[in-house]
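Fold and geometry: a report
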Amino acid sequence: MKTKKFLLQEKDIPTAWYNIVADMKNKPLPMLNPQTKQPVKAEDLYPLFSKAVSEQEMNTTDTWIEIPEEVRDLYKVWRPTPLVRAYGLEKALDTPAHIYFKNESVSPIGSHKLNSAIAQAYYCKKEGITNITTETGAGQWGAALSYAAKAFGLELAVYMVKVSYLQKPYRRSIMQTFGAQVIASPSMSTKAGRKILTEHPNYQGSLGTAISEAVELAMSTPNCRYTLGSVLNHVMLHQTVIGLEAEKQMEMAGEYPDVVIGCFGGGSNFSGITFPFLRHKLVDGKDIRVIAAEPSSCPKLTRGEFQYDFGDEAGYTPLIPMYTLGHNFAPANIHAGGLRYHGAGSIVSQLRKDGLMDAVDIPQLETFKAATLFAQTEGIIPAPESSHAIATAIREAEEAKKEGKPRTILFNLSGHGLIDMAAYDLYIGGDLQNYEVTDEEVKKNLSELEQIIK
Ligand SMILES: *Cc1c(COP(=O)(O)O)cnc(C)c1O
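All values derive from a computational prediction rather than experimental measurement.

Let us now look at the packing of aromatic side chains. Tallied over the entire structure, the rule returns 15 aromatic pairs. Measuring from ring centre to ring centre gives 6.1 Å for tyrosine 256 and phenylalanine 277, while their planes differ by 65°; the resulting arrangement is edge-to-face. Highlighted residues: tyrosine 256 in the loop between α12 (241-252) and β10 (259-263) and phenylalanine 277 in helix α13 (residues 268-284), separated in sequence by 21 residues. Note on tyrosine 256: relative accessible area 26%, which makes it partly exposed.

Across the sheet, four strands lie side by side as β8-β7-β6-β9; this open sheet has parallel pairing. Pairing within the sheet leaves two strands with one partner each, and these edge strands are β8 (181-185) and β9 (224-226). Here the strands of the sheet are splayed against their neighbours by 25° on average, with no regard to which way each runs. Note: strand β6 (residues 131-136) against β9, three bridges, orientation parallel. Paired with isoleucine 132 across the strands is arginine 225, a residue of β9.

Moving on: helix α9 (residues 191-199). For α9, the complete set of buried residues consists of Ala192, Gly193, Ile196 and Leu197. Around the axis of α9, the buried residues are gathered within 125° of arc, so they sit on the same side. Away from its buried face, by an angle of more than 90 degrees, α9 presents the exposed residues Lys191, Lys195 and Thr198. Where α9 is buried, its residues touch α7 (162-167) and α10 (207-220).

Attention shifts here to the side chain of threonine 136. Examined against the element boundaries, threonine 136 turns out to sit in strand β6. The buried category is assigned to threonine 136, whose relative accessible area is 2%. Reaching out from threonine 136, the side chain makes a polar contact with the backbone nitrogen of glycine 142 at a distance of 3.0 Å.

Time to look at the nonpolar core. Counting residues in hydrophobic clusters, the biggest one holds 63 residues, and the most contacted among them are Trp17, Tyr75, Leu114, Ile118, Ile132 and Tyr226. The element that contributes the greatest number of residues to this core is helix α5 (residues 114-126), accounting for eight residues. Those residues within four positions of tyrosine 226 in sequence are excluded, and the remaining contacts are Leu48, Phe49, Thr133, Thr134, Glu135, Ile211, Ala214, Val215 and Ala218. Grouped together as the second largest cluster of nonpolar side chains are 33 residues, Val21, Ile242, Phe277 and Ala344 included.

If you trace the backbone, cysteine 124 turns up in helix α5. With a relative accessible area of 2%, cysteine 124 lands in the buried category. A sequence separation of 100 residues divides cysteine 124 from cysteine 224, and the C-alpha atoms of the two residues are 8.9 Å apart. Not counting chain neighbours up to four residues away, the residues in contact with cysteine 124 comprise Ser50, Ile129, Ile132, Leu154 and Arg225.

It is worth spelling out the pattern of salt bridges at this point. Inspection of every chain in the model, using the stated rule, returns 21 salt bridges. For arginine 72, the salt bridge goes to glutamate 69, with nearest N and O atoms at 3.8 Å. Taken as a pair, arginine 72 and glutamate 69 lie in helix α3 (residues 69-75) at a separation of three residues, close to a single helical turn. Residue class for arginine 72 comes out buried when judged on its relative accessible area of 9%. Classification of glutamate 69 as partly exposed rests on a relative accessible area of 45%.

This part covers the packing of α9 against α10. The geometry of α9 relative to α10 is characterised by a closest axis approach of 8 Å and an angle of 140° between their N-to-C directions. Taken together, the residues of α10 that come into contact with α9 (itself represented by Lys191, Ala192, Gly193 and Ile196) are Thr209, Ser212, Glu213 and Glu216. Considered class by class, the residues forming the contact of α9 with α10 number two nonpolar, three polar and three charged.

Another aspect to go through is unusual backbone geometry. A cis amide bond links arginine 79 to the next residue, proline 80, at an omega of -10°. Note that proline 80 resides in the loop between α3 and β4 (83-85). Following serine 185, the chain continues into proline 186 via a peptide bond in cis, with omega recorded as 10°. Its location among the elements puts proline 186 in the loop between β8 and α9. Although it is not a glycine, asparagine 223 adopts a positive phi angle of roughly 60°. On the secondary structure map, asparagine 223 appears in the loop between α10 and β9. On the basis of relative accessible area, asparagine 223 is assigned to the partly exposed category, the value being 38%.

This part covers the site of the ligand. Taken together, 18 residues form the shell around the ligand, and within it Lys113, Ser230, Gly265, Ser268 and Ser414 come nearest. Between the ligand and glycine 266 there is a distance of 3.0 Å, counted from an oxygen atom to a backbone nitrogen or oxygen. One nitrogen or oxygen atom from the main chain of glycine 267 is found 2.9 Å from an oxygen atom belonging to the ligand. Protein coverage of the free-state accessible area of the ligand, which is 380 Å², stands at 97%. Judged by its atoms lying within 2 Å of the grid points, the ligand is housed in the largest cavity. Residue composition of the shell around the ligand, grouped by class: four nonpolar, twelve polar and two charged.

Conventions we followed
Residues numbered from 1 in each chain as written. Predicted model: local features only at pLDDT ≥ 70, side-chain atom pairs only at ≥ 80, totals over all residues. Heavy atoms only, no water. Phe/Tyr/Trp six-rings, centres within 6.5 Å; stacked < 30°, edge-to-face > 60°. Helix = DSSP H or I, 4+ residues; strand = E, 2+ residues; numbered from the N terminus. Buried < 20%, exposed > 50% of the residue type's maximum accessible area, 1.4 Å probe, protein only. Pairing = 2+ DSSP bridges. Axes fitted to C-alpha atoms, helices over the stretch in contact; angles between N-to-C directions. Arc of directions from axis to C-beta. Contact = heavy atoms within 4.5 Å. Polar contact = N/O pair within 3.5 Å; in protein donor to acceptor, adjacent residues only side chain to side chain. Core = buried A, V, L, I, M, F, W, Y, C linked by side-chain atoms within 4.5 Å. Salt bridge = Lys/Arg side-chain N within 4 Å of Asp/Glu carboxyl O. Nonpolar A, V, L, I, M, F, W, Y, C, P; charged D, E, K, R; others polar. Near = heavy atom within 4 Å. Areas by Shrake-Rupley, 256 points an atom, 1.4 Å probe, with all protein chains shown as cover. 1 Å grid on protein atoms, 1.4 Å probe; cavity = no way out; pocket = protein on both sides within 12 Å on 5 of 7 lines; lining within 4 Å. Sits in = over half its atoms within 2 Å of the grid points.

Rendered as structure tokens:
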């Protein structure tokens, strides 16, 4: 019997997160204050985030950052997660490639998001904060944070993009079950929401708008902080537990990946699985490819521009150096809701600019085809987001077959799709379509950006 699953023990849960910035020759450019265009300092972030994560955000020197014992204790609820050899998928593809996936779908809320939610809630609690806010698109981050907030006794208000609030009532019920207050965004509860609703009464919302609302509420409520589930450096940091475990598990399997793949929304699960392997490239010059898989309908890394841009639609956040489609880019309504974000985090953007990683964009129908094959061969229904990584792994395996050479492929299964069956229903019924972004659309959006990087 061939070994299929590579399991670690509780004691193997990493004791420190990996801060890739310390190993990068070219550090990411600083975030800028939009008014003064001066670099943002950790203190500037204290009103918005916990102090601990504000400092992690700016840390360019410490390679390893200790994971607090309370956070590791909660990680033990589901970590370490399994690394699985996808024999079934390999066989169906008749490929000489070896395909491995790290299964982050086994977390209590079904995705990798909990890795950072627990850390962020912990630091808020430790600093005496009582209330937190956030936004959520498809609902995965909100679900993760709801559980984390409850675990540390914090009150949570979640702004959920209205279209998801209406289309994905079960994610809303999950958050409510954990005790969070969920508000459809845009809402009348903030200035940003009221402004948009006055101008466009039927607006179905976007992540950018929901971020604006959550930030506004945090800034105007005493003892309240905001949290973000992707894009920022500290979120990438927390997610490195994924790759650090996978590094040990690939060793147990007696293999080293030629290519590591993660799907890409703002970059957190991609960074989580790839940074610990990229470390071998940065520090030891190891030859390894890493690929971000994004949707064709929201292709910031493949077709966006490297420029300073806001993290949200209303322009409340600092300016972030990122590959972006422009903060007012309105992505098509694809079912991988977690990938509908206009930009990429600043670390990933710098790595991309320096040629240290690749990116591909995948049409929606190819992702559902890949998801269906994966479900039928591996028994797990993947999240529509994760299916972008699966489709990319399949492309790699097919290339290996064409070449007639072995290839070791590792991808991150960021979550399961059991709450996304409405999307599968549409696919089965033949009612899904591809969305392409035209060059004119991209160009028009980008032309509205202030050109700070000349
Ligand atoms: C949120 C989410 C993503 C996208 O976010 P990243 O920060 O890019 O990882 C991908 N997969 C799942 C399952 C998600 O919930």
